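This is what each chain is made of:
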Amino acid sequence: MSKAIVYLNQFFGQIGGEDVADHEPEIRDKKVGAAMLYDQLLDADVTHTIICGDNFVGSKEEEAIDRILGFLEDKEFDIFFAGPAFQAGRYGNACGAIGKAVKEEFDVPVISSMNEENPGVDMYKKDIYIFPGGQSAAKMKDDVTKMVEFGNKILNGEKLLPAEEEGYFIRGIRHQYFLPDETPAYERAIDMLLKKINNEEYVSELPIPELDTVKIADPIEDLSKITVALVTSGGIVPIDNPDRIQSASATRWGKYYIDDVDQLQNRRQEAFKTIHAGYDPAAADTDPNRVVPVDAMRKYEEVGKIGKLYKYFYSTVGTGTTQGEAARMGQEITEELLEDGVQAVILTST
Amino acid sequence: MVKEIERAGIPVVQMANLIPVAKTVGANRMVPTISIPYPLGDPSTSEEEQWKLRYHRVGVALDALTTDIEEQTVFDVEI
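Every value quoted in this text rests on a predicted model; they were computed, and no experiment measured them.

Student: Go over the sheet that holds strand E3 (residues 44-52) of chain A with me, naming the residues and quoting the values.
Tutor: Residues and elements named next belong to chain A. With mixed pairing, the six strands of this open sheet are ordered in space as E2-E3-E1-E4-E5-E6. Single-partner strands in this sheet number two, and they are strand E2 (26-28) and strand E6 (129-132). For this sheet the average axis-to-axis angle between neighbouring strands, irrespective of direction, equals 25 degrees. Across eight bridges, strand E1 (residues 2-9) lies against E3 in parallel orientation. In the strand pairing of E3, Ser 2 is matched with Ala 44.

Student: Report on the interface of chain A and chain B, specifying residues and quantitative values.
Tutor: Interfaces are often described in size by the accessible area the parts lose on coming together. Across the contact, 57 residues belong to chain A and 49 residues belong to chain B. Roughly 4,500 Å² of surface becomes buried between chain A and chain B when both sides are summed, with 68% attributable to carbon and sulfur atoms. At the boundary of chain A with chain B, the tally comes to three salt bridges. The partner of Arg 54 of chain B in a salt bridge is Asp 295 of chain A, and the shortest N-O contact between them spans 2.6 Å.

Student: Just give me the short version of the packing of helix H10 (residues 294-302) of chain A against helix H3 (residues 47-65) of chain B, but keep the residues and values in it.
Tutor: The geometry of H10 of chain A relative to H3 of chain B is characterised by a closest axis approach of 9 Å and an angle of 65 degrees between their N-to-C directions. The handedness of the crossing between H10 of chain A and H3 of chain B is right-handed. Of the residues in H3 of chain B, those touching H10 of chain A at Asp 295, Ala 296, Met 297, Lys 299 and Tyr 300 of chain A are Trp 51, Arg 54, Tyr 55, His 56, Val 58, Gly 59 and Leu 62 of chain B. When the residues that make up the contact of H10 of chain A with H3 of chain B are grouped by side-chain class, the tally is seven nonpolar, two polar and three charged.

Student: Lay out unusual backbone geometry in plain terms, naming residues and giving numbers.
Tutor: Residue and element names in this part refer to chain A. The step from Gly 83 to Pro 84 runs through a cis peptide bond, and the omega angle for that step is 5 degrees. Tracing the backbone shows Pro 84 in the loop between strand E4 (79-82) and helix H4 (89-106). Despite not being glycine, Asp 107 shows a phi value in the positive range, around 50 degrees. By the secondary structure assignment, Asp 107 is in the loop between H4 and strand E5 (110-114). You can call Asp 107 exposed: its relative accessible area is 61%. Positive phi, close to 40 degrees, is recorded for Asn 241, a residue that is not glycine. Within the secondary structure layout, Asn 241 lies in the loop between strand E8 (236-238) and strand E9 (254-257).

Thresholds applied
Residues numbered from 1 in each chain as written. Chains lettered and ligands numbered in written order. Predicted model: local features only at pLDDT ≥ 70, side-chain atom pairs only at ≥ 80, totals over all residues. Heavy atoms only, no water. Pairing = 2+ DSSP bridges. Helix = DSSP H or I, 4+ residues; strand = E, 2+ residues; numbered from the N terminus. Axes fitted to C-alpha atoms, helices over the stretch in contact; angles between N-to-C directions. Contact = heavy atoms within 4.5 Å. Buried area = accessible area lost by both parts, 1.4 Å probe. Salt bridge = Lys/Arg side-chain N within 4 Å of Asp/Glu carboxyl O. Left-handed = near helix turned anticlockwise from the far one by under 90°. Nonpolar A, V, L, I, M, F, W, Y, C, P; charged D, E, K, R; others polar. Buried < 20%, exposed > 50% of the residue type's maximum accessible area, 1.4 Å probe, protein only.

Now the structure itself:
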């Protein structure tokens, strides 16, 4: 029987929630949490579960990788699974970073699953197999099933088809491959060319990935003459959250007046707190300047490094927020900044 | 969000812990922070240390806004 090892974060590894997202990497010689589901479906035994907090990987990626590769050094395994990470950005990042390192070090197939909105997809789809997954853990069974079906094909030595047919995100790796009907490349190329000339639809065999980069804005010549604004996706809001910004999957943003303060007062002082559901709020609630550094900006204003700190800071929540919503909110905020003559922005994210 | 701000020609610097994510979403100027729940001040250190770190990194971010860059750039921090 083949052997498999599964990687899970602190939540799916049943350690706990955001308060233990700093959990150090560990390996257990048994099936924990979601690893049991893999074991039921897989044509292999799940021998170990690796668990690590998402923040640990986020902040100390190199150490996390070193320690996990160390755990695996003396283990025998034929395949490695990470996730599914759904729409959780930090978990997707962790699955990708760990998965890529395991693939490179041990040369075993590594399979993960993430929602298409998870930034981990674009970061790691070239390195490991990532299947498109659901938005939340409600899709656990479906997502694991997809991963395992493909894993079983690999374990059983079945012929693997191109990414589009197997269903994982295209890795951009080219294989020598003969079409079942054996149409040679020159005929396909001429067919495509004719279609293109006739303005007909055709599908390229070598798609060029679209990169939506933005032109780098010109630098500011003299900060001491301009207004700089603070924007955050860290969910800092007045304690009554007047704009009712959602704690996750946000579609709303707010702007909060700070022209009369030298720093952000905290939750206990009934001023500001975080409503972000994607990280432990304790540190931000105690001192919101850790997320929106009004105090430091005020000091730079006082010493004349910047002309002025803009009278509002802008805030929303960046967890589970779709890229489409984020873009729309960004456009709306930008419109206001332009109107008010703000010339530069510091955006803090958590 | 960072892309929409920059698209309008306003230079923006993103302060983030997950720099690879910031790169993927298309930030051009980036300054690392120390963690996700406390980007600019570790509660287990003294107030003074937190202030020094925050003042320094925000300063790096401000300098980044005045720096001419050719490609996505992560600016170095000292503390």
